[in-house]
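# Close look at the chain arrangement
Residue-level listing of the chains:
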Amino acid sequence: MPILPRSSYYDKHYRPTAALIRARQPYLVRNIFTGLGICAFTIGVYTFTINAVAQDDFSDVPVPDAPAQPPHSPHTGVETATSIEALNQRKEERLRS
């Protein structure tokens, strides 16, 4: 028993027969024009989008010289050299008392 049921439009090697070619023939020209129309529409939308984005002008937007520094947060998890020194001084003061 074959895995795929055999259609009358295909031979035993699943190649199209003359009947299939005759059945598709009336739609050949319409399918070509439909495919060309879809391709032309897609290319047109793509071209329009690229041209619309390329027209943006950002020359009037001021660019800052340096990026703004975020405000210091005391509990960021990142320790600096000064905070480590301060912690060591507090430990020493606790040990003395």
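Residues numbered from 1 in each chain as written. Predicted model: local features only at pLDDT ≥ 70, side-chain atom pairs only at ≥ 80, totals over all residues. Heavy atoms only, no water.

## Let's talk about the overall build of the protein
- What the protein contains, in helices and strands, is 3 helices and 0 strands.
- For the protein, the succession of helices and strands along the chain, N to C, is α-α-α.
- The buried share among the 97 residues of the protein stands at 1%. (Helix = DSSP H or I, 4+ residues; strand = E, 2+ residues; numbered from the N terminus. Buried < 20%, exposed > 50% of the residue type's maximum accessible area, 1.4 Å probe, protein only.)

## Quick word on a nonpolar patch on the surface
- Among the surface-exposed residues, L28, V29, I32, F33 and L36 lie close enough to one another that they form a single nonpolar patch of about 530 Å² accessible area.
- Tracing the backbone shows I32 in helix α2 (residues 28–54). (Patch = residues over 30% accessible without salt bridge, like charges linked within 9 Å, V, L, I, M, F, W, Y side chains within 5 Å. Areas by Shrake-Rupley, 256 points an atom, 1.4 Å probe, with all protein chains shown as cover. Salt bridge = Lys/Arg side-chain N within 4 Å of Asp/Glu carboxyl O.)

## So, unusual backbone geometry
- The backbone phi angle of Y14 is positive, close to 60°, even though this residue is not glycine.
- In this fold, Y14 is placed in the segment before α1 (18–24).

## Thoughts on the confidence of the model for the protein
- Overall, the prediction assigns the protein a mean pLDDT of 81, with 78% of residues at 70 or greater.
- Ranking the elements of the protein by mean pLDDT puts helix α3 (residues 81–96) last with 80 and α2 first with 95. (pLDDT = per-residue confidence, 0-100.)

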